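Observations on chain architecture
Chain residues, written in single-letter form:
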Amino acid sequence: MKYPEYKQPLNYGQVGEDILAWWKEHGIFEKSVSSREGQPTFVFYEGPPSANGAPGIHHVMARTVKDIFCRYQTLLGKQVPRKGGWDTHGLPIELQVEKELGITKEDIGKKITVEEYNQRCRETVMRFKAQWDDLTEKMGYWVDLDDPYVTFEPEYIESCWALLKKLYDKGLLYKGYTIQPYSPAAGTGLSSHELNQPGTYRDVKDTTIVAEFEVKRDEKSEKLFVLADGLPVFITAWTTTPWTLPANTGLAVGKNIRYAVVRTFNPYTYEPQVLVLAKDLVRRYFLYLDIEGTGNEIGVGSGHLMIGAETSKHEVNGSVVETLNQEFRKALVGKDGKVLHWSVVGEFTGAELVGISYERLFGSEDGFPTFEGEERAFRVIPGDFVTTEDGTGIVHISPTFGADDFRVAQQNDIPALMVMDDQGKLSPIVDRTGRYVAQMGEFGSRWVKNYDGHDDTAADYRTLDVDISVRLKERSRAFKVEKYEHTYPHCWRTDKPVLYYPLDSWFIKTTAVKDRLIELNKTINWKPESTGSGRFGNWLENLVDWNLSRSRYWGTPLPIWRTQDGTEELCIGSIEQLKTEIDKAVAAEVMTHNPYANGEKVDLHRPYVDDIFLVSPSGLPMYRETDLIDVWFDSGAMPYAQWHYPIENGEKFQKNFPADFIAEGVDQTRGWFFTLHALAVMLEDSVAFKNVMANGLVLAKDGQKMSKRLGNAVDPFATIKQFGPDATRWYLIANAPPWDNLKFDPAGVTEVQRRFFGTLFNTYSFYALYANLDEFQTREFDRISQSDLSELDRWILSKLQSLIVEVRGHLDGYDPTKAARAIQDFVTDQLSNWYVRLSRRRFWKGELTADKRAAYETLQECLVVVAQLMSPIAPFFGEWLYKNMTAQASTSPPDPLSKKEGAPDMPQNLNFTAGSPLLGRGAGGEVAGTAPVASVHLTLLVEADTARIDAKLEERMELAQRISSLAHSLRKKSVLKVRQPLQRILVPVLNDSTKEQVGFVEDLICAEINVKHIEFLDDESGVLVKSVKPNFKRLGQQYGPRLKAVGARIQQMTAAEISKLEKEGSLAVEVDGQPITLAPDDVEIRTDDLPGWLVATDGPLTVALDVTLTDELRQEGLARELVNRLQNLRKDSGLEVQDKIRVTLADQQPELTAAVAAFGDYIRSETQALALTFAADVKGGSVLEFDDYSVPVHLEVATA
RNA sequence: GGGCUUGUAGCUCAGGUGGUUAGAGCGCUACACUGAUAAUGUAGAGGUCCGUGGUUCGAGUCCACGCAGGCCCA
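Residues numbered from 1 in each chain as written. Chains lettered and ligands numbered in written order. Predicted model: local features only at pLDDT ≥ 70, side-chain atom pairs only at ≥ 80, totals over all residues. Heavy atoms only, no water.

**Comments concerning the nonpolar core**
Of all hydrophobic cores here, the largest spans 133 residues; its most connected members are Trp-730, Phe-744, Phe-757, Met-870, Phe-877 and Ile-985. Each residue touching Ile-985, except ones within four places of it in the same chain, is listed here: Ile-963, Ile-1005, Ile-1009, Val-1011, His-1013, Ile-1014, Glu-1015, Val-1103, Ala-1104 and Leu-1105. (Core = buried A, V, L, I, M, F, W, Y, C linked by side-chain atoms within 4.5 Å. Buried < 20%, exposed > 50% of the residue type's maximum accessible area, 1.4 Å probe, protein only. Contact = heavy atoms within 4.5 Å.)

Shown next as structure tokens:
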């Protein structure tokens, strides 16, 4: 059987399709898992995609990453089960359905039943499943599509319930509140979706206050008081909702913002005070007056005193200065007749203010209620949302009425101001109708906004905001009160202002395990590392409890039933338990019958679970809490729920937990990565994954985000069809590390295809062509021994072993990009462009000698190993190459030496591990009862045979490559074509080892650049001119600041000095009048000039070319020309490579005749000419064009 | 606004622990080669290494502050 030969160009898309069909036919994916039965498991978790949209090219990226490492671990012999999954719940699906039906959330349960709605969601969510499955196959992503986990299935939901119950039993699931937009007039919370309706944000004029909070004098605040000269110190904060001030429990500053301490007077009471506010905002509240117009500014009065005053503005030194008209000067004079000067007396950063305590604004001594945790309240804390855009650069915090406030308060252990309501339940100071609770002292029962329909244009109408402002002014606690126009959200149904209000929510108490989350995160190998320590680490550091509640319909329902008063509750952990509880409820006549009594299929979705009522221990009915849970819980629960654990399959779960590896987009950091981690830590006190790759985005080639709207989205199907899956995958991986964003340019895929796959294909074709001609058979044993290989063979095999080490290292370290680039460089630069190019003659010359066999075996091994190494990244082409390389071999007679089962003996000189790549007999290829299947994906990856790595050999081959390159360059400069042989090149060498190294590869160099020999020039020759270059690294460490002078001195070294330094090992010189001693290591000696020769240099290497032409050289050049022309003629005439010819030349040119006389044998052997004769007259032939003349020629195929 | 991240040739990217002349591929130009040929070789053009300060004898590399793009969070 022969190696398959192909016409160019290869259709890579077709290769993908053919291999895919072959995989399917032989169940290769299944075998890649089943053949590893009993081996260690490599656990991989598939992050479930949602099939409600078409897959994009970025999915190919993410899945390529996943696939690479799963295939790689399989090659290492591990078993890698890959269960697929689908994420099926969540808001995007609901919104999609609502859009398609033309309804809103409000209509659910009215225009459409919940049952119908959810049915619609169920259908929608799998709409693109077929497309996804198709892409999965075509891109070569191996994942089990037949038995995926689906998050809407009852078993999956049941597992989620069981996990929730575990958390509940640990006390980690609790009911609390979050701050959400709320419409008191409508009595309902509003979603962000509703808030984004047009017209909800309107301009309104509200009373705003800059309030003053009096600082308590203690150790932390002493630094303020030392500046205050006995005056009270206040921190200022601005609010557009003064009604929230009585609920204030904290003040937030920006850590890096600078704050000024200002000595001034209260504008309403004229009491002297010291205020703190952001330095950048001082000018907003204090005027700089230039009374005399001199440009000398003095701070006078507080700004708002001048409201209505007539001032004129002009510029002084680039800043606007307001000048007060004379008659208003009096207004600035206080009661005691003094001018109200102000001045900045100090400055601090926000960080320096954190921890300072202050007095409550409306305290219990004034009739306001005390509250729990009060002793922890009224502190300055850092807030990441604080700016100096408006206000004072300090933000008033009321945890019950702001989402930021709530979060930052929780992080800093600031309590919320909550009071007991009639039923003994804790409640905020505003009730659900929008009015203060009765306990609020003088403001008790007041409406916070006009929710009761008062005529707010009436003269006696006073808002709560105004009354609070008045009270603060009286108490010298208001610095500035003014009407301010701003936009504020309004309820789209009632037109009344929205409040940010605490609404019930269920939480998982992730903060209880915060330290453990952080600790275990440090054991996870993140790629890139910064995502783990930065984005994820910071997120953990600022962790708040996980809000589970969603007021939605299509999702996993919260399995908690409660009595009306909330005093009794039950968390259900299984369908079995639910049935039991229903039976109890039926017995207590809370339900009429058990809907599941007769084994009916259980659907745990709404509305069915909402119709189940349970009975409490005290006999009261219990109703399900209507919330659904966050869909992220669904996906975070997949390590457990995919096996229906903990209901069953405990062993299976244990075996597959935690994951060795997961990979998703970096946008999942706070999504899936977090929920996996959080649940694993809380449930198992373990990480959920040991290695994780967060890949970046795939952008359009101009760096823009891909979007259908812009029309720059890349269609993955078209791409794969056009370029084939391998080039697509290779490009995605090799072009940039997966964690960087990738600019997807189809031209780049073309380049990969041409340069890498094209070169590799050419190399294979070359091999196949000649191996078939020679009927070369791969032999697993009795190969040419290492010592009989040529220098070049041993070199490329050494490089190959180095490549194995390198690729394994990169893949072990989860860096596929470096692996791909290493393979690419090996194939294009080393294998194709050096090994094959220099070995070409060995393949097509003569009989199948030992040397020729060595060349075949070497190239064969390289190609097979490359097929294996590339197969995780380019699974189809790797398979294609492997099959082509081994199909022929697998038909050879059984190897008599390999008698051990499953582990053929390897010849000693090759030292392959079991599952030799040479014959396609991977371990696992032998599935019981079937013939061996030669799939590269079933083999075991070769181990590098480090004994075959020869660093010296690799080094001297690099010398050969560089010397050849320099010689080519010199030929170019001298206009001497390579076909013209030259006598010698000159290479100066400064040490024997270089001389020896180059000597080994002299033949290669001579052949490559067509010279007769290399002449080494050493010191003995006396023609070397040495120059010297300072070794700055060494000198810098030694001489530091004097380096420049020393360097200059070294560059002036004379030949005598250089030689002295070399001979004596040191040289004393003088620099700036000071003696120093130079060592040989302080300088780099090179010979980059040969007087009288044209030289080329590359670093320390220098080459000169002897361009003298003798008659003999000329004749040989002519012979080569002739060979070349004849070869062209052969090719143009359509001759086969092995055809023999007879040649007749016109006897016209004496030079040519002389050349043929001298080199006839050479010409005949090169052109496979049986005869090469001259005739006076040549008819019916072609004409060979030489440089200076034309020669008629007749060529015929020799039949005998 | 905060966190993370990226910024090097026209394009895509390399540039351990600081070392003076910053590289590769593609593309472009010229020449050569012609039994791997839609390949290959040699040479050339092409750089304020995002900016500004700082540390240092020396900064693409370290530090600070910015600018621009991206992601996540607000």
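From this point, the narrative continues.
**Here we look at the environment of Lys-1026**
Relative to the helices and strands, Lys-1026 resides in strand β35 (residues 1025-1030). As for Lys-1026 and Arg-1086, which are separated by 60 residues in sequence, their C-alpha atoms are 5.6 Å apart. In this view, Lys-1026 contacts Leu-990, Asp-1019, Ile-1058, Glu-1062, Ile-1085, Arg-1086 and Thr-1087; residues no more than four positions away in its chain are not counted. (Helix = DSSP H or I, 4+ residues; strand = E, 2+ residues; numbered from the N terminus.)

**Some thoughts on unusual backbone geometry**
Here Lys-527 and Pro-528 are connected by a cis peptide whose omega angle stands at -5°. Across the junction of Tyr-645 and Pro-646, the peptide omega takes the value 5°, indicating a cis bond. Note that Pro-646 resides in the loop between α18 (638-641) and α19 (650-655). Of note, Glu-589 is a non-glycine position whose phi angle comes to about 65°, a positive value. The topology assignment puts Glu-589 in the loop between α16 (575-587) and β26 (614-615). Assessed through its relative accessible area of 70%, Glu-589 is described here as exposed. The backbone of Gln-1168 sits at a positive phi, close to 55°, despite the residue not being glycine.

**A short note on the packing of aromatic side chains**
Tallied over the entire structure, the rule returns 57 aromatic pairs. When the ring of Phe-756 is compared with that of Phe-757, the centres are 4.9 Å apart and the planes differ by 70°; the resulting orientation is edge-to-face. Within the aromatic cluster, the residues linked to one another by ring pairs are Tyr-6, Tyr-12, Trp-730, Phe-756, Phe-757, Phe-761, Tyr-764, Phe-877 and Trp-880. Over the ring of Trp-142 we find Arg-71, and its NZ or CZ is 3.8 Å from the ring centre. (Phe/Tyr/Trp six-rings, centres within 6.5 Å; stacked < 30°, edge-to-face > 60°. Lys NZ or Arg CZ within 6 Å of the ring centre and 35° of its normal.)

**Re the side chain of His-89**
Looking at the element boundaries, His-89 is found in the loop between β1 (83-86) and α4 (91-101). Engagement of the side chain of His-89 in a polar contact is seen with the side chain of Asp-634, the distance being 2.7 Å. Among all residues touching His-89, those that are not within four sequence positions of it are Thr-151, Phe-152, Ile-157, Trp-554, Gly-555, Thr-556, His-605, Val-631 and Asp-634. (Polar contact = N/O pair within 3.5 Å; in protein donor to acceptor, adjacent residues only side chain to side chain.)

**Focus on the protein's contact with RNA strand B**
The full set close to RNA strand B counts 51 residues, and Asn-735, Ser-832, Arg-979, Phe-1032 and Arg-1130 are the nearest of them. A distance of 2.4 Å separates a base oxygen of RNA strand B from a polar side-chain atom of Arg-535. Gln-1127 places a polar side-chain atom, nitrogen or oxygen, 2.9 Å from a base nitrogen of RNA strand B. Listing elements by their share of the surface near RNA strand B, those giving two or more residues are α15 (529-541), α22 (746-773), α24 (816-844), α27 (951-974), α30 (1032-1039), α31 (1043-1051) and α33 (1111-1132). (Near = heavy atom within 4 Å.)

**Thoughts on the confidence of the model for chain A**
This prediction gives chain A a mean pLDDT of 83; 90% of its residues lie at or above 70. When the criterion is pLDDT under 50, residues 290-312 qualifies, and its contacts beyond four places in sequence or with other chains add up to 71 contacts. Within the model, pLDDT remains below 50 along residues 919-932, and this stretch shows 32 contacts once partners closer than five positions in the same chain are excluded. Predicted complex, confidence summary: ipTM 0.89, pTM 0.82. (pLDDT = per-residue confidence, 0-100.)

**Digging into the side chain of Thr-669**
In this fold, Thr-669 is placed in helix α20 (residues 669-684). Assessed through its relative accessible area of 1%, Thr-669 is described here as buried. In terms of polar contacts, Thr-669 uses its side chain to reach the backbone carbonyl oxygen of Val-666, at 2.5 Å. Setting aside chain neighbours within four positions, we find Thr-669 in contact with Thr-531, Arg-535, Phe-536 and Phe-674.

**Points about the sheet that holds strand β27 (residues 621-624)**
In space, the four strands of this open sheet follow the order β25-β24-β27-β26, with antiparallel pairing throughout. Edge positions in the sheet fall to β25 (569-571) and β26, since each of these pairs with one other strand and no more. As paired strands, strand β24 (residues 560-563) and β25 are joined by three bridges and run antiparallel to one another. Bridged to Arg-562 within β25 is Glu-569. Along the sheet face, helix α7 (residues 154-169) touches β24 and β25 and points at about 130° away from the line of β25. (Pairing = 2+ DSSP bridges. Axes fitted to C-alpha atoms, helices over the stretch in contact; angles between N-to-C directions.)

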